[in-house]
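Residues per chain, in single letters:
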Amino acid sequence: MKVVLKNLTKRFPNRNKKLPDVIAVNDFDFEIPDGKLIGLLGPSGCGKSTTLNLISGLEKPTSGRVFFGDTDVTELPPENRGVGLVFQNYALYPHLTVRQNILFPLQNLRGDKKLSKEVMEEKALEAAKLVQIDSLMERKPSELSGGQQQRVAIARALVKMPSVLLLDEPLSNLDARLRLQTREEIRRIQNETGITTIFVTHDQEEAMSISDLIVVMKDGVLQQIGKPQDVYDMPENLFVAKFLGTPAINVFEGEVKNSRLYIGCEDVLAVTGAPDGEVWVGIRPEGFSLDEGGAFKAKLERVEVMGRDTSVVSTHEGCVTGSIRSIVPSEERPDGSEKTVSFSLKPFKTHLFSKDTEERIPFSY
């Protein structure tokens, strides 16, 4: 099911009536393709969950419309939209077994949608098998691990085979290993069912690892939409560049003069086509190459061996994000006793941003 959001805006009254309304979602315009897994990504308070609630019908927009396919569902109540919801806190009924929790949405169907007991049992078992908890059907939530409880919540959302599956921070309560395992399961389930899925998270690694497209938000405003690798490689502004990536992008004050990029006094890179002037410079950790004759020189702080890679931590007067973290192959790691380290910069891992608008400035190399 394709989901289309047209000029969607949601305002909440400010508790202090002397202050303006809080705009949680601001003129959100986006089409979610049928059968894809979309990651809604951004920091806390950016409007991700509000957007999800507007799609589900739990919140009504201040303005704008929500379409499922060609049908305007803006005024439809949640129970008539054909959506499945999975929340961060699982929201399972503690006094019911796994089987009864999964059956619950089917038992509430009325009219021509009402199913026989046999059909309901069959659908519940199918949903349980899909999330691999069919051997736990007679247990109660208190007898399950956090990961198993989350699977029950997903099965309950899937049992009606919704047109759209909405996941609101579904992995936040799990430990690191379970997060990895469960996000892989979500991707597998989505591939098997083909249900359009919207996955809300503040964790950029989660979003990038399983999403077909990611939607980056800030303060209720859509910042960028694209395939995860495309957004990482070509951020449209400084916020997106800083939000995506682990370790985070290194940011410097720089200046473009005669198609050359200067950081401090050093001429570090050719940036053909970039206009002269002061800029923000973003360099990904993997954008540094150790080079004794490299133009970019920094004060070496320490070398951290991470197995396959090595993290070189250094400082530079032009860096505005504290220390510089560079990722290089372990076999090329520098001598930690040295006072300085020299790099050449990879142009395709280096980004320029306007000092005024923070929009990315394209250049060729």
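If you're wondering where the values come from, they're calculated on a predicted model, not measured in any experiment.

Description of the overall build of the protein chain
Piece 1. Of the regular secondary structure elements, the protein chain holds eight helices and 21 strands.
Piece 2. When the backbone C-alpha atoms are referred to their principal axes, the protein chain occupies close to 75 × 45 × 40 Å.
Piece 3. A burial count over the protein chain gives 48% of its 365 residues as buried.
Piece 4. The long-range fraction of contacts in the protein chain, counting pairs at least 24 apart against all pairs at least 6 apart in sequence, stands at 66%.
Piece 5. When the accessible surface of the protein chain is split by element, carbon and sulfur atoms take 48% of a total near 17,700 Å².
Piece 6. Computing the positive centroid from 46 side-chain charges and the negative centroid from 52, the protein chain places the two 6 Å apart.

Topic: the pairing of strand β16 (residues 296–305)
Piece 1. Relative to strand β19 (residues 340–345), β16 runs antiparallel, the two being bridged by four bridges. Bridged to K299 within β19 is T340.
Piece 2. Bridge count for β16 against strand β17 (residues 309–315) is six bridges, and the pairing is antiparallel. Bridging across to β17, K299 finds its partner in T315.
Piece 3. Linkage of β16 to β17, two consecutive antiparallel strands, is achieved through a turn of three residues, within which G307 is found at a positive phi near 95°.

Considerations on the pairing of strand β9 (residues 213–218)
Piece 1. The element β9 is largely enclosed, with a buried count of five among its six residues.
Piece 2. In the sheet, strand β3 (residues 37–41) pairs with β9 via four bridges, with the strands oriented parallel. Among the inter-strand pairings, L41 is bridged to a residue of β9, identified as V216.
Piece 3. The pairing of β9 with strand β10 (residues 221–226) spans five bridges and is antiparallel. Note on β10: the bridge partner recorded for K218 is V221.
Piece 4. Here β9 hands over to β10 after two residues, with D219 in that stretch at a positive phi of 50°.

Brief notes about the pattern of salt bridges
Piece 1. Scanning the entire structure with this criterion turns up 21 salt bridges.
Piece 2. A salt bridge links E185 to R151, with the nearest nitrogen and oxygen atoms 3.8 Å apart. Of the two residues, E185 sits in helix α5 (residues 176–193) while R151 sits in helix α4 (residues 146–158), which places them 34 residues apart along the sequence.
Piece 3. With a relative accessible area of 11%, R151 lands in the buried category.
Piece 4. Residues E185 and R188 are paired through a salt bridge, measuring 2.6 Å at the closest nitrogen-oxygen approach. Taken together, the residues E185 and R188, both in helix α5 and three residues apart, mark about one turn of the helix.
Piece 5. With relative accessibility at 14%, the residue E185 sits in the buried group.
Piece 6. Among the charged side chains, a network of salt bridges with common partners joins K60, R65, D72 and E75.

Quick look at a negative patch on the surface
Piece 1. A surface patch of like charges, here negative, comprises D291, E292, D335 and E338.
Piece 2. Relative to the elements of secondary structure, E338 occurs in the loop between β18 (324–329) and β19.
Piece 3. Taking the relative accessible area as the measure of exposure, E338 reaches 44% and is therefore partly exposed.

Thoughts on the nonpolar core
Piece 1. Formed by 35 residues in total, the largest nonpolar core has its most connected members in I102, I133, L158 and I186.
Piece 2. Of all the secondary-structure elements, those providing two or more residues to this core are α2 (98–107), α3 (117–130), α4, β7 (164–168) and α5.
Piece 3. Here the element with the most residues in this core is α4; it accounts for six residues.
Piece 4. If sequence neighbours within four positions are ignored, I133 has contacts with V98, I102, A128, R151, V152 and A155.

Here's the deal with unusual backbone geometry
Piece 1. Of note, the amide linkage connecting T246 to P247 takes the cis form, showing an omega dihedral of -5°.
Piece 2. Tracing the sequence through the fold places P247 in the loop between α8 (238–243) and β11 (250–257).
Piece 3. A positive phi angle, near 55°, is found at D27, a position not held by glycine.
Piece 4. The topology assignment puts D27 in strand β2 (residues 22–32).
Piece 5. In the Ramachandran plot, D219 falls in the positive-phi region, its phi being about 50° despite a non-glycine side chain.
Piece 6. Within the element layout of this structure, D219 appears in the loop between β9 and β10.

Re the state of the cysteines
Piece 1. Tallied over the entire structure, the rule returns zero disulfides.
Piece 2. Unpaired in this structure, C319 has its nearest cysteine sulfur neighbour in C265, at a distance of 16 Å.

What to know about the domain arrangement of the protein chain
Piece 1. The domains assigned to the protein chain are domain 1 (3–240) and domain 2 (247–361).
Piece 2. Here the C-alpha centre of domain 2 lies 39 Å away from the C-alpha centre of domain 1.
Piece 3. Between domain 1 and domain 2, the residue contacts involve seven residues of the former and ten residues of the latter.
Piece 4. Taken over both partners, the interface formed by domain 1 and domain 2 buries close to 910 Å², and the fraction arising from carbon and sulfur atoms is 50%.
Piece 5. The largest contributions to the domain 1 side of the interface with domain 2 come from Y232, P235 and L238, which together make up 61% of the buried area.
Piece 6. Counting across the domain 1 and domain 2 interface gives one salt bridge.
Piece 7. Among the salt bridges present, the one from K349 reaches D233, with a minimum N-O distance of 3.7 Å.
Piece 8. On inspection of domain 1 and its partner domain 2, the count reaches six residue pairs in polar contact (both at pLDDT 80 or more).
Piece 9. Looking at the side of domain 1 that touches domain 2 residue by residue, the class counts come to four nonpolar, one polar and two charged.

Each value, and the rule that gives it
- Residues numbered from 1 in each chain as written.
- Predicted model: local features only at pLDDT ≥ 70, side-chain atom pairs only at ≥ 80, totals over all residues.
- Heavy atoms only, no water.
- Helix = DSSP H or I, 4+ residues; strand = E, 2+ residues; numbered from the N terminus.
- Buried < 20%, exposed > 50% of the residue type's maximum accessible area, 1.4 Å probe, protein only.
- Contact = heavy atoms within 4.5 Å.
- Areas by Shrake-Rupley, 256 points an atom, 1.4 Å probe, with all protein chains shown as cover.
- Lys, Arg positive; Asp, Glu negative; His and termini not counted.
- Charge placed at Lys NZ, Arg CZ, Asp CG, Glu CD.
- Pairing = 2+ DSSP bridges.
- Salt bridge = Lys/Arg side-chain N within 4 Å of Asp/Glu carboxyl O.
- Patch = residues over 30% accessible without salt bridge, like charges linked within 9 Å, V, L, I, M, F, W, Y side chains within 5 Å.
- Core = buried A, V, L, I, M, F, W, Y, C linked by side-chain atoms within 4.5 Å.
- Disulfide = S-S within 2.5 Å.
- Domains from an automatic or database assignment.
- Buried area = accessible area lost by both parts, 1.4 Å probe.
- Polar contact = N/O pair within 3.5 Å; in protein donor to acceptor, adjacent residues only side chain to side chain.
- Nonpolar A, V, L, I, M, F, W, Y, C, P; charged D, E, K, R; others polar.

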